[in-house]
Every structure is written in C-alpha cells, then in structure tokens.
Amino acid sequence: MVVRIMAVCAAAVAGVMGTVVAAPAQDYPSRSITMIVPFAEHGPTDVISRIVTEHMAKTLGQSIVTENVVGAGGTIAATRVARAPNDGYTLITGHMGTHAAAVSLYPNLPYRPDTDFEPVALLAGTPILIVARKDFPAKDLKEFIAYVRANTGTLNTAHAGVGSVSHVSGQLFNQIVNIRPTGVPFNGTAPALKALAAGQIDYLCDQIVNVVPAIKAGAIKAYAVATPERNPALPEVPTTAEAGLPAFQAQAWNAIFAPKGTPAPIIARLNAAASKALDDPEVRRRLLALGSVIPSPAERTPQALAQLVKVEIDRWKPVLMAVAP
Ligand code: MLT
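Residues numbered from 1 in each chain as written. Predicted model: local features only at pLDDT ≥ 70, side-chain atom pairs only at ≥ 80, totals over all residues. Heavy atoms only, no water.

1. Details of the overall build of the protein chain
Our working rule: Starting at the N terminus, helices and strands are each numbered in turn, a helix being any DSSP run of H or I of at least four residues and a strand any DSSP run of E of at least two. Restricting the calculation to C-alpha atoms gives the radius of gyration, and the globule rule supplies 2.2 Å times the number of residues raised to the power 0.38. Working definition: with a 1.4 Å probe on protein chains only, accessible area under 20% of the residue-type maximum means buried, over 50% means exposed, and in between means partly exposed. Here, residues are in contact when the closest pair of their heavy atoms is within 4.5 Å. Only the protein chains shown count as covering a residue, and every accessible area follows the Shrake-Rupley method with a 1.4 Å probe. We treat Lys and Arg as the positive residues and Asp and Glu as the negative residues; His and chain ends play no part in the count. Lysine's charge is taken at NZ, arginine's at CZ, aspartate's at CG and glutamate's at CD.
If you tally the helices and strands in the protein chain, you get eleven helices and nine strands. Against the globule reference of 20 Å for 325 residues, the protein chain gives a C-alpha radius of gyration of 22 Å, in line with a compact fold. With respect to the principal axes defined by its C-alpha atoms, the protein chain has extents near 90 × 40 × 35 Å. Among the 325 residues that make up the protein chain, the fraction classed as buried is 53%. Long-range pairs, those at least 24 residues apart, make up 78% of the contacts in the protein chain with a sequence separation of at least 6. For the protein chain, the exposed surface amounts to about 13900 Å²; the carbon and sulfur share of it is 59%. Measuring between centres, the 27 positive side-chain charges of the protein chain sit 2 Å from its 23 negative side-chain charges.

So this is what it looks like as structure tokens:
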C-alpha cells in the first residue's frame, strides 16, 4: 500500500515536474518555433517576418518555421495564436490590422489584441502607397482622383480582407475622395498585386514593402506615398501632401506577438533576438530597400509595442466608424 501511494505520488510529481522540466524558460528555445503569418506568402507581412526571423533563428539557435494562415483579414491566424500554448513556440507576426483596426470592424472578434497577447517587438513601419494598374489613365494624383470620382461605379479596388491594412487604408482613401468602388478581397496583397499587374484590378492602397519592385519594373503605377516625407526607396514618388491630398496620411506597422502568459524570460529572449536582427546591417539593407521604416531601440521594447497597440486601437475606432462598410 505504502509502495502504491509512493508510486502515485511520484507519478504526480513527475507530471508536475514534467511540465516544468520539459520547457524551462532558461533552456528556451529547445526546439523549432512556429511563426504564424496571417497573410499570403511573398506579401508584406510575410516578407518582413521572414527577413527578421531568418536572423532571429541564428541568434536563438533554433529554426523559425513560417506558417501562412490566411483568411478574414488575418483574424483567423490571430485567433489561433491567441489560443495557442503560451510556451514561446507559437508566435505571430501581426500588424496594424490584426492587432488594432480589426477591433473596430469585427463586433465578435474572438481575441483582444491588447489583452490576449504578450507584445514581443515592433519590426517595421510600412508607409502606404496609392498604386494603380500600369495603364491607368491618369498621369498624377490629381488626375487619378478626378478619374476615380468620375468612374467610381466601374472601378475595382483590391484588399487583403476586412480589417487588413490595405482594406482600412483603402477605406480611408475612398472616404476622403468620396468614392465607393467595388472591393475585391484577396488572402494578402501579394495575390492582389499580381491581379493589379495583370490589369484585373484598377488600384489599391498597399504597404510599400509589397510594391517597390513592381513600381521599379514599371509593372504598376505609383501616385503618392501617404507619409509626410518621401521614401528613400522610391524618391521619385511624391507625398500625398505634395500631390494635392494632404488629408490622406497612412503608415502601417508589423510586430511579433506571443500568446498571453508566455513567460517573461522567453519574451525577453525573443525581443533581444528581434532587436539584434534589426541592428544587423544586411537585415537593415533588405528592409530599407523595400521602404520599411526601422524602429529605434526605444520603439522595439515590449512595453512600447503594448502602448502602440492601445493607441492604434483607439486611433482607428473613430476613423473606421466614419468610413463606408
Ligand atoms: C494587408 O493589407 O494587411 C497586408 O498587405 C497583408 C499582406 O501581408 O499581404
């Protein structure tokens, strides 16, 4: 009897210890990490995430495997990560849409970006550009606006699903110029860009990271960048203020999040690895060539990201309440 009780106790202790011993934070990571990207491969979120995590994997000594989980403007992926084990092995590269704007557009959003995640690190700011098919009949933004106002009923605009960056920035643009084109959803702006280059879509508002090579190759037209300054990756593209639409200002951001309750030492390791990646000359060269804005060390902390998420949720609420559905 004593032996049986001891055996049961030993098993119970092993069970408890098993959880602790299997994944102590100080040994993290002891196996590969899954990075969920909420949009299609080769799009802006995917590209930024892969550039940074490739370097992070070297620092952490484990591979980081990207899984593209698409749909519902990235909210399917974010829901999955919010419910994943909080052991540091399932992360998400979210953005201004999944972790801010979606709150205003999905009344039954199954997660709360500000309370269901541990912020890890901001990776990049990504200015928004107004781009159109290469044969769009307008030579500059003023002509573009006149044309879309006159032809709104026949125009198609693409986006990456309700609540995505392209959706909310497109909604903002459409509201400012007072047009209601037909919105065509894709699983990311990589496939949307293909459709634009093929002439199946008329225009879209997209993150710069997705469009620099296509603009340089002449596959699509760029009318303006929606930031106060021109972007060094596309110095010939005017700002919206220069081109006559100062009211349209939009810059998105991409960041890593872990499920709520992921141990603080794990978040610290991930944050340090992400920050080290952002200081790496080759990572910086690749991000800057695509027009990204690399956050300063102070902007990369989990605390700064937590604050950004709160500010952005509040910032988008009145804007998205005002825009057309
Ligand atoms: C978006 O519009 O939210 C993004 O461009 C999605 C993506 O990474 O494809």
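2. Looking at the packing of helix α6 (residues 165-177) against helix α11 (residues 302-322)
Applicable threshold: Working convention: axes come from line fits to C-alpha atoms, limited for helices to the stretch in contact. Angles between N-to-C directions cover 0 to 180 degrees. Small angles under 35 degrees read as roughly parallel and large ones over 145 as roughly antiparallel, with 65 to 115 read as roughly perpendicular and the rest as oblique. Crossings are sorted by hand: turned counterclockwise from the far helix by less than a right angle, the near helix makes the crossing left-handed, and turned clockwise it makes it right-handed. Asp, Glu, Lys and Arg are counted as charged, while Ala, Val, Leu, Ile, Met, Phe, Trp, Tyr, Cys and Pro are counted as nonpolar; the rest, among them Gly, fall into the polar class.
Viewed as axis vectors pointing N to C, α6 and α11 meet at an angle of 55°, and their least axial separation amounts to 10 Å. Taken together, α6 and α11 sit at an angle that is classed as oblique. Both α6 and α11 take part in a crossing whose hand is left-handed. In this structure, α6 contributes V168, L172 and Q175 to the contact, and α11 contributes W316, V319, L320 and A322. For the contact of α6 with α11, the per-class residue count stands at six nonpolar, one polar and no charged.

3. Thoughts on the pattern of salt bridges
Side chains bearing opposite charge may pair, as long as their charged atoms lie close to each other. Note the cut-off: Within this document, salt bridges are pairs made up of a side-chain nitrogen of Lys or Arg and a carboxyl oxygen of Asp or Glu, the two lying within 4 Å of each other.
Taken as a whole and assessed by the stated rule, the structure comprises 15 salt bridges. When the shortest N-O distance is used, the salt bridge between E242 and R230 registers 2.8 Å. Taken together, the positions of E242 in the loop between β8 (220-225) and β9 (251-259) and R230 in the loop between β8 and β9 put the pair twelve residues apart, joining distant regions of the chain. By relative accessible area, which is 48% here, E242 ends up partly exposed. Here E282 and R285 are joined by a salt bridge, their closest N and O atoms 2.7 Å apart. In this pair, E282 and R285 are both assigned in helix α10 (residues 281-289), three residues apart and thus about one turn of the helix distant.

4. Description of α11
For the α-helix, the turn length of 3.6 residues means that residues three or four positions removed from each other point alike. Which entries qualify depends on this criterion: By this rule, a helix spans an expected 1.5 Å times one less than how many residues it contains. In this scheme, the bend at a residue equals the angle between the axes fitted to the seven residues that finish there and the seven that begin there.
The terminal C-alpha atoms of α11 lie 31 Å apart, and with 21 residues this matches the ideal 30 Å at 1.5 Å per residue to within 8%. A maximum bend of about 25° is found in α11 at W316, where proline P318 lies one to four positions downstream. All buried positions along α11 are accounted for by P302, L305, V309, E312, I313, W316 and L320. Structurally, α11 contributes buried residues whose contacts are with α4 (97-105), β4 (117-133), α6, β9 and α9 (264-279).

5. Looking at the site of the ligand
We apply this condition: Nearness of a residue to a molecule or strand requires only that one of the residue's heavy atoms be within 4 Å of it. Polar contacts here mean pairs of N or O atoms no more than 3.5 Å apart (in protein, one a potential hydrogen donor and the other a potential acceptor; neighbouring residues in sequence count only if both atoms are side-chain atoms). Residue ranges labeled as domains rest on an automatic or database domain assignment.
As a structural note, the neighbourhood of the ligand is formed by F39, P44, T45, H95, A160, S164, V165, S166, G188, T189, D206 and Q207. Side-chain polar atom of S166 to an oxygen atom of the ligand: 2.5 Å apart, as the coordinates give it. Protein chains shield 100% of the accessible area of the ligand, which is 270 Å² for the free molecule. Among the elements of the structure, α2 (44-60), α6 and β7 (203-207) are those that each provide at least two residues to the shell around the ligand. Within the shell around the ligand, the residues separate by chemical class into four nonpolar, seven polar and one charged. Among the domains, domain 1 (34-126 + 252-323) and domain 2 (127-243) are the pair contributing at least three residues each to the shell around the ligand.

Any functional reading would require information that these geometric values do not contain.
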